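# Coordinate inspection notes
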Amino acid sequence: MVDLTQRLFEVRKLVDEGKYFTINRARQFGKTTTLHALAEYLSQDYLVISMDFQMQMSDAKFRNENSFSQAFARAFENSYRITESGKNQEYQAAFKEFTEERQEAGEHFELVELFQALSNLCAAIPNKIVLMIDEVDSATNNQVFLDFLAQLRGYYINRSRFATFQSVILAGVCDIRNLKRKMRPDEEHKDNSPWNIAADFDIDMSFSVEQINGMLLDYASEHDSAIDTNLIAREIYDYTSGYPYLVSRLCQLLDEMYKAGMHDSWTHAGVLEAVRKLVRESNSLFEDMAKKVKDYPDLGTMLRDILFCGKGIPFNLGTELVSIGAMFGFLKDEDGQVAISNRIFEIWFYNLFIAQDAIDSKTYDAGQQLKGQFVTESGLDVEKILKKFVEHFTESFGNSTDAFVEENGRKLFMLYIRPLINGIGNYYIEARTRSMGRTDLIIDYLGKQYIIEMKIWHGNE
């Protein structure tokens, strides 16, 4: 486990200041883990009510104000009962009154009545309440939920007159401040800011090299193993950019390899093998990524342009596709330009797009037919690969325009070498060289790395 103490300390400052905010990060970026740790971290000074809309609020609960308010209040009560404060008589009396208000109002218990009861509760108990709601995405594009946010906003603004929550934290992939809503079936989606009171949450939730190193030091001590933790932490970070799930999964794979008798697993070669295993597996993160690319075809086109064509796109969250890609965790800002957020995602997207293109590709078929010629006892015969590719390219595309070569050249070469390393290695483009002028293609193969510098040649043939 990575030490989250500093992160929790920074979030705690927002809570102590009475801020309402959203934690919107990509899938499996540690949001839920952070909320669980935060609930325990705050429990000495606050009554923390931790809810999960995905688990506690089905779609049917959002059909009208009464069904939502009743369901929310019951989920709120259930979340309270599992806290330590649930055994305190003073708290129990206040929550009993809250429950009675809900039951007596019956079908008339709507959002106004819900917030009146919540305000009475906040005034009655000795500790301030922190409300945390995870998986809040399940409520988006829903008018009742937008009205719920409006009530939260109203009590926040009038907190000097009405008792209310100390802090409210909503967690999900989407930024609640920029929800799209549909007021009527025949009306187009509109931008809406029902929660413009939310403070900026700019705390870095990725894992740094130092945090990964600290985790590996604990592991090495526990297993009495000599690991160059600084080297391995840096390599894991280079592939993941600190994406929490990817860090954890790579470490899990390395641990499994170690326990299986590969006592040199915690090495450079071991990391390459773990990466190979990771990008080939099926997991919920990669399945969600594939779904997003399918649901947003224009985003897929932009990813292809970045990966295969080296297209430079300014990083501006005001651009819808860039905003969507960043929200999903696919894209990041790299010196003002759009870049794929980490090397694992790069390899995975390359594999996805190459697999799609390989179906009708004679270039892929050519590599498939010749792959046995390129593998030697010491690894890959890269010089022979290059020479054979030139023969294939000249035969198939020799009369192509310069524009065709610039747009398709690297993709065709990657299509050619994909069957050569399939199941054994990976490749990726070194981000610092990804441009129309120059590209460094890195091939990981059986613990070795090969660097191929590709340029568009504009001189004599």
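Now for a quick tour of the structure. Here the structure is a predicted model, which means the values were calculated and not measured.

## Quick word on the nonpolar core
Ranked by internal contacts, the top residues of the largest apolar core, which has 110 residues, are Phe 330, Phe 345, Phe 349, Leu 441 and Ile 443. Here the element with the most residues in this core is helix 15 (residues 343-358); it accounts for 10 residues. Beyond its immediate chain neighbours, meaning those up to four positions away, Phe 349 contacts Met 289, Val 293, Leu 303, Leu 307, Phe 330 and Ile 340.

## Description of the packing of helix 5 (residues 89-105) against helix 6 (residues 111-124)
Between helix 5 and helix 6, the shortest axis-to-axis distance is 10 Å and the interhelical angle comes to 165°. Relative to helix 6, helix 5 is oriented roughly antiparallel. Regarding helix 5 and helix 6, the two cross each other, and that crossing is right-handed. Of the residues in helix 6, those touching helix 5 at Glu 90, Ala 94, Phe 95, Phe 98 and Glu 101 are Leu 114, Ala 117, Leu 118, Asn 120, Leu 121 and Ala 124. Residue composition of the contact of helix 5 with helix 6, grouped by class: eight nonpolar, one polar and two charged.

## Some remarks on unusual backbone geometry
Glycine aside, a negative phi is what most residues show, and trans is what most peptide bonds show. You will see that Glu 135, though not glycine, has its phi angle at about 55°, which is positive. Positionally, Glu 135 belongs in the loop between strand 3 (129-134) and helix 7 (143-157). We classify Glu 135 as buried; its relative accessible area is 16%. If you check the backbone angles, Asp 224 has positive phi at about 50° while not being a glycine. Accessibility expressed as a relative area gives 74% for Asp 224, which makes it exposed.

## Re the pattern of salt bridges
Throughout the structure, instances matching the rule amount to 18 salt bridges. Among the ionic pairs, Glu 135 bridges to Arg 27, the shortest N-O distance being 3.6 Å. Taken as a pair, Glu 135 in the loop between strand 3 and helix 7 and Arg 27 in the loop between strand 1 (20-24) and helix 2 (31-42) lie far apart in primary sequence, 108 residues in all. Given the relative accessible area of 31%, Arg 27 is considered partly exposed. Arg 102 is paired through a salt bridge with Glu 77; the nearest N and O atoms lie 3.1 Å apart.

## Observations concerning the sheet that holds strand 3
Strand pairing in a sheet takes place through backbone hydrogen bonds and is either antiparallel or parallel in direction. Spatial strand order, 1-4-3-2: four strands in an open sheet with parallel pairing. Edge positions in the sheet fall to strand 1 and strand 2 (47-52), since each of these pairs with one other strand and no more. Each strand axis lies, on average, 15° off the axis of its neighbour in the sheet, ignoring direction. For strand 2 and strand 3, the ladder comprises six bridges, and the chain directions are parallel. Among the inter-strand pairings, Leu 47 is bridged to a residue of strand 3, identified as Ile 129. Against the sheet, helix 2 makes contact with strand 1, strand 2, strand 3 and strand 4 (167-172), and its axis sits at roughly 165° relative to strand 3, the strand it touches most.

## Side note on helix 1 (residues 5-16)
The first and last C-alpha atoms of helix 1 sit 16 Å apart over 12 residues, in line with the 16 Å expected at 1.5 Å per residue. Those residues of helix 1 hidden inside the fold are in contact with strand 1, helix 2, strand 3 and strand 4. Just downstream of helix 1 lies Gly 18, where phi reads positive at about 75°.

## Examining the packing of helix 17 (residues 382-397) against helix 18 (residues 402-421)
Between helix 17 and helix 18, the shortest axis-to-axis distance is 11 Å and the interhelical angle comes to 130°. Looking at the two axes, helix 17 sits oblique to helix 18. Like other packed secondary-structure pairs, helix 17 and helix 18 cross with a definite hand, here right-handed. From helix 17, Ile 385, Leu 386, Lys 388, Phe 389, His 392, Phe 393 and Phe 397 reach across to helix 18, where they touch Phe 404, Val 405, Leu 412, Phe 413, Tyr 416, Ile 417 and Leu 420. Grouping the constituent residues of the contact of helix 17 with helix 18 by class yields 12 nonpolar, one polar and one charged.

Procedures and definitions
- Residues numbered from 1 in each chain as written.
- Predicted model: local features only at pLDDT ≥ 70, side-chain atom pairs only at ≥ 80, totals over all residues.
- Heavy atoms only, no water.
- Core = buried A, V, L, I, M, F, W, Y, C linked by side-chain atoms within 4.5 Å.
- Buried < 20%, exposed > 50% of the residue type's maximum accessible area, 1.4 Å probe, protein only.
- Helix = DSSP H or I, 4+ residues; strand = E, 2+ residues; numbered from the N terminus.
- Contact = heavy atoms within 4.5 Å.
- Axes fitted to C-alpha atoms, helices over the stretch in contact; angles between N-to-C directions.
- Parallel < 35°, antiparallel > 145°, perpendicular 65-115°, else oblique.
- Left-handed = near helix turned anticlockwise from the far one by under 90°.
- Nonpolar A, V, L, I, M, F, W, Y, C, P; charged D, E, K, R; others polar.
- Salt bridge = Lys/Arg side-chain N within 4 Å of Asp/Glu carboxyl O.
- Pairing = 2+ DSSP bridges.
- Expected span 1.5 Å × (residues − 1).

Purely spatial values, then, with no claim about function.
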